[in-house]
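# Geometric and topological summary
Residue strings, one per chain:
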Amino acid sequence: DSQWQVYNYQGNDPAWILASLEKAIENGEKPFVCLSAQQAKSKWGTRNLERKLAEKFPDKKILRIDRESIADPNHPAYGCMSFREKDKNFLDELLPMYDIVLTSPTVETGVSIECRHFTSVWGIFQGVQTPDSVRQALARIRANIPRHIWIRGCGINRIGNGATSVSSLLASQHKLTQAHISLLTQADFDEDIDTDFQRGALLAWAKRAAVTNLGMRWYKKTIIAALAEEGHIVQQVGEDGVMPIKVSGDD
């Protein structure tokens, strides 16, 4: 029951998948949409997509869940992410009231949506979240319904100096530490600074950061490979239609 049909859309931007999303809504589907941002400046963020879909489908009820809406007492999404354990089914009661739900990374870890209301999950991932976070976002809906995704080829964010080797990350942090110490010395800070504090924790950070940076460098391929390894059926949506994807190839 956990094996999804995943449709991986091609193209340099999400225009193609957005057109498919609009067609699905016209056909009566109820989509749960995962997005990477909510700011007004983000063309593919929650606020702009909400405006676009509201103009095209004025008869549809749309719920936007992002950092802004959950903090607005006058918004229907207010407080929906801060429910207590005894109210853990609150989202399962709220979401079926809407035809379209748009979410930012606000809805990611620690959320399980069990209601059988949505017919498909859609994701536009612009390289902001880590590859693991993308997969977590797609898994918030527990029902085995199709996943439609567009993923940027290379991620935007990096940890530390962006290196993919532990030694390079540690060297960069050491250089940064020495620069800070130099500034403190110039400011007459004469106390001893322990630069060997929690070396094990720093090493663990560097190892994890190297893995994350590698995933961000090969963002799309990392996510697609991970979805395939989890047992999901990943297909490519391109000019030639829907085709099985070659995980190790240039998708």
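The rules behind each value
Residues numbered from 1 in each chain as written. Predicted model: local features only at pLDDT ≥ 70, side-chain atom pairs only at ≥ 80, totals over all residues. Heavy atoms only, no water. Helix = DSSP H or I, 4+ residues; strand = E, 2+ residues; numbered from the N terminus. Buried < 20%, exposed > 50% of the residue type's maximum accessible area, 1.4 Å probe, protein only. Contact = heavy atoms within 4.5 Å. Areas by Shrake-Rupley, 256 points an atom, 1.4 Å probe, with all protein chains shown as cover. Salt bridge = Lys/Arg side-chain N within 4 Å of Asp/Glu carboxyl O. Phe/Tyr/Trp six-rings, centres within 6.5 Å; stacked < 30°, edge-to-face > 60°. Lys NZ or Arg CZ within 6 Å of the ring centre and 35° of its normal.

Before going further, it helps to spend a moment on the overall build of the protein chain. Looking only at helices and strands, one finds seven helices and eight strands in the protein chain. Burial analysis of the protein chain (251 residues in total) assigns 42% to the buried set. The contacts of the protein chain with a sequence gap of at least 6 include a subset with a gap of at least 24, amounting to 73%. Accessible area for the protein chain stands at about 13,800 Å²; split by element, carbon and sulfur atoms hold 50% of it.

Attention shifts here to helix H4 (residues 131-138). Summarising burial for H4: six of the eight residues are buried, a large majority. Those residues of H4 lying buried are Pro 131, Ser 133, Val 134, Arg 135, Ala 137 and Leu 138. Against the buried residues of H4 lie strand E2 (31-35), strand E5 (120-125), strand E6 (147-151), helix H6 (199-217) and helix H7 (219-229).

With that settled, consider the pattern of salt bridges. Here the structure, examined in full by the defined rule, presents ten salt bridges. With a closest N to O distance of 3.9 Å, Glu 26 and Lys 56 form a salt bridge. One end of the pair, Glu 26, is in helix H1 (residues 15-26); the other, Lys 56, is in helix H2 (residues 46-56), with 30 residues separating them in the sequence. The partner of Arg 135 in a salt bridge is Asp 132, with the nearest N and O atoms 2.6 Å apart. Taken together, the residues span about one helical turn, with Arg 135 and Asp 132 both in helix H4 at a distance of three residues. Assessed through its relative accessible area of 27%, Asp 132 is described here as partly exposed.

In this section: the packing of aromatic side chains. Any aromatic ring pair is given by two values, namely how distant the centres are and how the planes are angled relative to each other. Within this structure, the stated rule accounts for two aromatic pairs. Between Tyr 9 and Trp 122, the ring centres sit 6.3 Å apart and the planes meet at 40°, which makes this aromatic pair tilted. Within this pair, whereas Tyr 9 is found in strand E1 (residues 5-9), its partner Trp 122 is found in strand E5, the two being separated by 113 residues in sequence. The same class applies to Tyr 9 as to Trp 122, namely buried. Note on Phe 32 and Phe 118: the rings are 5.3 Å apart at their centroids and 70° apart in plane angle, and the pair reads as edge-to-face. Remark: Phe 118 occurs in the loop between strand E4 (100-103) and E5 and Phe 32 occurs in strand E2; sequence separation between them is 86 residues. Positioned above the aromatic ring of Tyr 98 is the side chain of Lys 61, whose terminal nitrogen or guanidinium carbon lies 4.9 Å from the ring centre.

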